[in-house]
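Here is what each chain is made of, one letter per residue.
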Amino acid sequence: RDDDDINDVASMAGVNLNEESARIMATNSDLVGTQIQSCKDEPFLAAIPLHKRILETAKKLGITDVPAEVVAFISHATQNRLRTVIEKVTVITQHRMESYKDDEWYEQATDVRSQLKFFEQLERLEKQRKDEQEREILLKAAKSRSRQEDPEQARLKQKAKEMQQQELAQMRQRDANLTALAAIGPRKKRKLDTPGLLTIGGEGGGVCGGSQAGLGTASPRQYPRQKITRVNLRDFIFYMEQEREMSHSLLLYRALLK
């Protein structure tokens, strides 16, 4: 008989397969024969204002009735179109923000920022040299003791006097600032990793865990920062210039005039 078969492991273990099958079917009987359907179709745009807008446009073409299925279709089409535009503009923004400085396949040919800094430094040195020359002229005019002074000489003396007073006021202000900083003392940095303090999101706010305070130092939880892609008007203009339907549109010209 089958019960005496040494290879029948289920019978040797005392398990009746028919009873187990009946028990499984009884347990999941609520799932047998159930009907599964998709989620509710929710329109992307408000149905009533969109229907009014479509009727206004349809009346100009001689159409008096627009069913609800058309409104829902236009709403979904708008959502799909907006998603496509956002995806393309996001890619354009990511390409604009991408840096190739650390890429081994690119080498730097020019550095405009360093050139501008060099020119600014030259202008600063030239201005400092002119200020030193003017200062020497004013000091010579202030030290001159000629009896017959012309109006130009008197003007130079007055300007030299004002310059000396201004330099003296700047020195006093600098000494006062140094004295105030010495009285305040070195600034102490705020400790963020304190026992029982949980930093959330890296925003400086904390929640004090009373139950964890006596258990030792609680390590702050690190939350991954979400990367934010900032799209500007220039990215949209570039997108519209690449699109065949919008490359000669009035919207592009209006964006270029802003």
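In this convention, every chain numbers its residues from 1, walking through the sequence in written order. For a predicted model such as this one, the threshold for reporting local features is a pLDDT of at least 70, and the threshold for listing and counting side-chain atom pairs is 80 or more; totals across whole chains, interfaces and linings nevertheless cover every residue. Calculation of side-chain values draws on the structure's entire complement of heavy atoms; hydrogens and water are dropped beforehand.

Draft legend 1. Quick peek at the pattern of salt bridges. By convention in these notes, a salt bridge is any Lys or Arg side-chain nitrogen within 4 Å of a carboxyl oxygen on Asp or Glu. Under the criterion given, the structure shown has six salt bridges. Its salt-bridge partner being Asp235, residue Arg96 comes within 2.9 Å of it at the nearest N-O pair. Placement of the pair is Arg96 in helix α4 (residues 68–97) and Asp235 in helix α8 (residues 233–242), with a sequence separation of 139 residues. Under the relative-accessibility criterion, Arg96 is labelled partly exposed at 33%. The exposure class of Asp235 is buried, given its relative accessible area of 2%. Segments assigned H or I by DSSP are reported as helices when at least four residues long, segments assigned E as strands when at least two residues long, and all are numbered from the N terminus. Summary of the burial criterion: residues with accessible area below 20% of their type's maximum are buried, those above 50% are exposed, and those between are partly exposed, where the area comes from a 1.4 Å probe applied to protein chains only.

Draft legend 2. The arrangement of the packing of α8 against helix α9 (residues 250–257) in detail. Here, axes are lines fitted to C-alpha atoms. For helices the fit covers the stretch in contact, and angles between N-to-C directions go from 0 to 180 degrees. Relative to each other, α8 and α9 sit at 145°, their axes nearing to 10 Å. In this structure, the crossing between α8 and α9 has a hand that is left-handed. Mapping the contact onto sequence places Leu233, Ile237, Met240 and Glu241 in α8 and Leu251, Leu252, Ala255 and Leu256 in α9. Following the grouping adopted for this structure description, the nonpolar residues are Ala, Val, Leu, Ile, Met, Phe, Trp, Tyr, Cys and Pro, the charged ones are Asp, Glu, Lys and Arg, and the polar ones are all others, Gly among them. Looking at the contact of α8 with α9 residue by residue, the class counts come to seven nonpolar, no polar and one charged. Left-handed describes a crossing in which the near helix is turned anticlockwise from the far one by less than a right angle; the clockwise case is right-handed. Whether two residues are in contact is decided by their heavy atoms: any pair within 4.5 Å suffices.

Draft legend 3. View of the nonpolar core. To define a nonpolar core, start from buried Ala, Val, Leu, Ile, Met, Phe, Trp, Tyr and Cys residues and group those joined through side-chain atoms within 4.5 Å. Of all hydrophobic cores here, the largest spans nine residues; its members are Val85, Val89, Ile92, Ile237, Tyr239, Met240, Met246, Leu252 and Ala255. If you list the elements that add at least two residues to this core, you get α4, α8 and α9.

Draft legend 4. Region of interest: the layout of surface pockets. By volume, the largest pocket is sized at about 270 Å³. Lining of the largest pocket is provided by Tyr100, Lys101, Tyr106, Glu107, Gln108, Ala109, Thr110, Asp111, Val112, Arg113 and Ser114. Taken together, the residues of the lining of the largest pocket break down into four nonpolar, three polar and four charged. Grid spacing is 1 Å over the protein atoms alone, the probe is 1.4 Å, and a cavity is where that probe fits but cannot get out, while a pocket is an open set with protein on both sides within 12 Å along at least five of seven lines and lining residues have an atom within 4 Å of a point. Grid points are joined across faces, edges and corners, and a volume is the space filled by probe spheres set on the points.

Draft legend 5. The arrangement of helix α6 (residues 151–184) in detail. To estimate the expected span of a helix, subtract one from its residue number and multiply by 1.5 Å. With 34 residues, α6 extends 50 Å from end C-alpha to end C-alpha; this agrees with the ideal 50 Å at 1.5 Å per step. Listed in full, the buried residues belonging to α6 are Leu156, Ala160 and Met163. In the core, the buried residues of α6 are packed alongside α5 (112–143).

Draft legend 6. Region of interest: the packing of α4 against α8. Contact geometry for α4 and α8: axes closest at 9 Å, N-to-C directions at 115°. Relative to α8, α4 is oriented roughly perpendicular. The two elements α4 and α8 cross, and the hand of that crossing is right-handed. Residues Arg81, Val85, Lys88, Val89, Ile92, Thr93 and Arg96 of α4 form the contact with α8, whose participating residues are Arg234, Asp235, Phe236, Phe238 and Tyr239. A per-class count over the contact of α4 with α8 returns six nonpolar, one polar and five charged. Should an angle fall under 35 degrees it is taken as roughly parallel, and over 145 as roughly antiparallel, whereas 65 to 115 is taken as roughly perpendicular and any remaining angle as oblique.

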